[in-house]
Amino acid sequence: MGKKEAGSCIRLRRPTMEFDHRRDIEVGKRFAFGANWRRFLNSIDDYKVGLAEQSLRRTLRMNDLSGVHFLDVGSGSGLFSLAARRLGAVVTSFDFDPESVATTLELRKRYLPNDGHWVVEDGSVLDPNYLSTLGESEVVYSWGVLHHTGAMWTALENVTRLVARDGLLVLALYNDQGRMSSIWLWIKRFYNKLPSVLRWLVVGPALLRLWGPTCVRDICLGRPFYSWRNYVKDSARGMSPWHDLIDWVGGLPFEVAKPEHLLDFCRERGFQLIRLKTCAGGIGCNEYVFRKTDSKSVLNFDAPE
């Protein structure tokens, strides 16, 4: 069970941690994820919150999270922390990016002011001292986060220790595309080195590369820009196509993982795979749901449903 007392935002950020974050952005080593989430916050409405709730129900195969301790590792906008809380969970959200923390706090204020069962904190998944204060949770959720820490496998090791026995570990991690992943890493580094006013030089070609074929297909089908206009609904997560594009193009640090490597890693730490959704070898994230059994025998491995 989580150890946090609900009802307040506990500030744990050390000045050196905030300085390191700001410096990394200034020198182009880190993308300003929180600033992107801040802009996304303006587009969040009841419809998107409802889609996030539906997505969480499908992912966890649970309609009711009442009494479940839900740890959101890298909360970003806070949208899925909000979804978990509205489904009844006792939620702890934390993020390394101060603007992401502020965005999650603003979302909590907007939808659940003074909520006694949703704690929002500054913290790093790479800080063992901070993590030791969290205890264990029945659901540890980290969606599209650990590959941006700069030390993905260490971050994975750390989150496995936060899952209660028989609890769920929910992950989305970038797929290893081999040479293409190396090319995207170069693009992301170039984007973050550019002054803000020149970043369209990267975003424009990336938009054409990622969305051009889809837009051409939609035009040929007589429904111009249908996929873009319906991305919020079709992505089934309430996300924005533009903010997801910027997150992808700028997202640095950037690491990737092959599904088989992650499965071996988690199995060795007593986790069974219960669901897997791949991106079919292409761009994007592979999605995993593991259950912690504490048994490290390969004979306990289950195929995804």
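Scroll up to find the structure.
A brief look at the structure comes next.

**Topic: the nonpolar core**
Now for step 1: Residues Ile44, Leu56, Leu65, Phe70 and Leu79 are the most contacted members of the largest nonpolar core, which totals 50 residues.
Now for step 2: Considering each element in turn, this core owes the most residues, five residues, to helix 4 (residues 79-86).
Now for step 3: Apart from the residues within four sequence positions on either side, Phe70 is in contact with Leu56, Phe80, Ala84, Ala89, Val90, Val91, Thr92, Val139 and Tyr141.
Now for step 4: In terms of nonpolar packing, the next biggest core, distinct from the first, is built from 28 residues, Phe94, Leu146, Cys266 and Phe290 among them.

**Focus on helix 3 (residues 46-60)**
Now for step 1: End to end, helix 3 covers 21 Å across 15 residues, agreeing with the expected 21 Å (1.5 Å per residue, within 8%).
Now for step 2: Within helix 3, burial applies to Lys48, Val49, Leu51, Ala52, Glu53, Ser55, Leu56, Thr59 and Leu60.
Now for step 3: One or two residues past the end of helix 3 sits Arg61, with phi positive at roughly 55°.

**Some points on the pairing of strand 4 (residues 137-143)**
Now for step 1: With six of seven residues buried, strand 4 lies mostly within the body of the structure.
Now for step 2: Bridging between strand 1 (residues 69-73) and strand 4 involves three bridges; their strand directions are parallel. Looking at strand 4, one finds that Asp72 is bridged to Tyr141.
Now for step 3: Here strand 4 runs beside strand 5 (residues 163-174); their pairing, made up of six bridges, is parallel.

**Here we look at the sheet that holds strand 7 (residues 285-292)**
In sheet architecture, strand pairing relies on hydrogen bonds along the backbone and comes in two forms, parallel and antiparallel.
Now for step 1: One open sheet holds the seven strands; their spatial order is 3-2-1-4-5-7-6, and the pairing between them is mixed. Looking at strand neighbours, the two that pair on one side only are strand 3 (118-122) and strand 6 (271-277), the edges of this open sheet. Each strand axis lies, on average, 15° off the axis of its neighbour in the sheet, ignoring direction.
Now for step 2: Where strand 1 lies against strand 2 (residues 90-95), five bridges are found, and the strand directions are parallel. Considered in strand 2, the bridge of Leu71 is made with Thr92.

**Quick notes on the packing of aromatic side chains**
Now for step 1: Scanning the model with the defined rule gives 16 aromatic pairs in all.
Now for step 2: Between Phe94 and Tyr130, the aromatic rings sit 5.1 Å apart at their centres with planes inclined by 70°, giving edge-to-face as the arrangement. Residue Phe94 is located in strand 2, and its partner Tyr130 is located in helix 6 (residues 128-131); the two are separated by 36 residues in the primary sequence. The pair Phe94 / Tyr130 is uniform in exposure class, with both members buried.
Now for step 3: Between Tyr288 and Phe290, the ring centres sit 5.9 Å apart and the planes meet at 10°, which makes this aromatic pair stacked. Each member of the pair, Tyr288 as well as Phe290, is classed as buried.
Now for step 4: Through pairs of rings, three or more aromatic residues link up here, namely Phe70, Phe80, Tyr141 and Trp143.
Now for step 5: Cation over ring: Lys188 sits above Trp248, and NZ or CZ is 3.9 Å from the ring centre.

What counts, and where the lines are drawn
- Residues numbered from 1 in each chain as written.
- Predicted model: local features only at pLDDT ≥ 70, side-chain atom pairs only at ≥ 80, totals over all residues.
- Heavy atoms only, no water.
- Core = buried A, V, L, I, M, F, W, Y, C linked by side-chain atoms within 4.5 Å.
- Buried < 20%, exposed > 50% of the residue type's maximum accessible area, 1.4 Å probe, protein only.
- Helix = DSSP H or I, 4+ residues; strand = E, 2+ residues; numbered from the N terminus.
- Contact = heavy atoms within 4.5 Å.
- Expected span 1.5 Å × (residues − 1).
- Pairing = 2+ DSSP bridges.
- Axes fitted to C-alpha atoms, helices over the stretch in contact; angles between N-to-C directions.
- Phe/Tyr/Trp six-rings, centres within 6.5 Å; stacked < 30°, edge-to-face > 60°.
- Lys NZ or Arg CZ within 6 Å of the ring centre and 35° of its normal.

Everything listed here is a matter of coordinates, which is why it stays silent on function.
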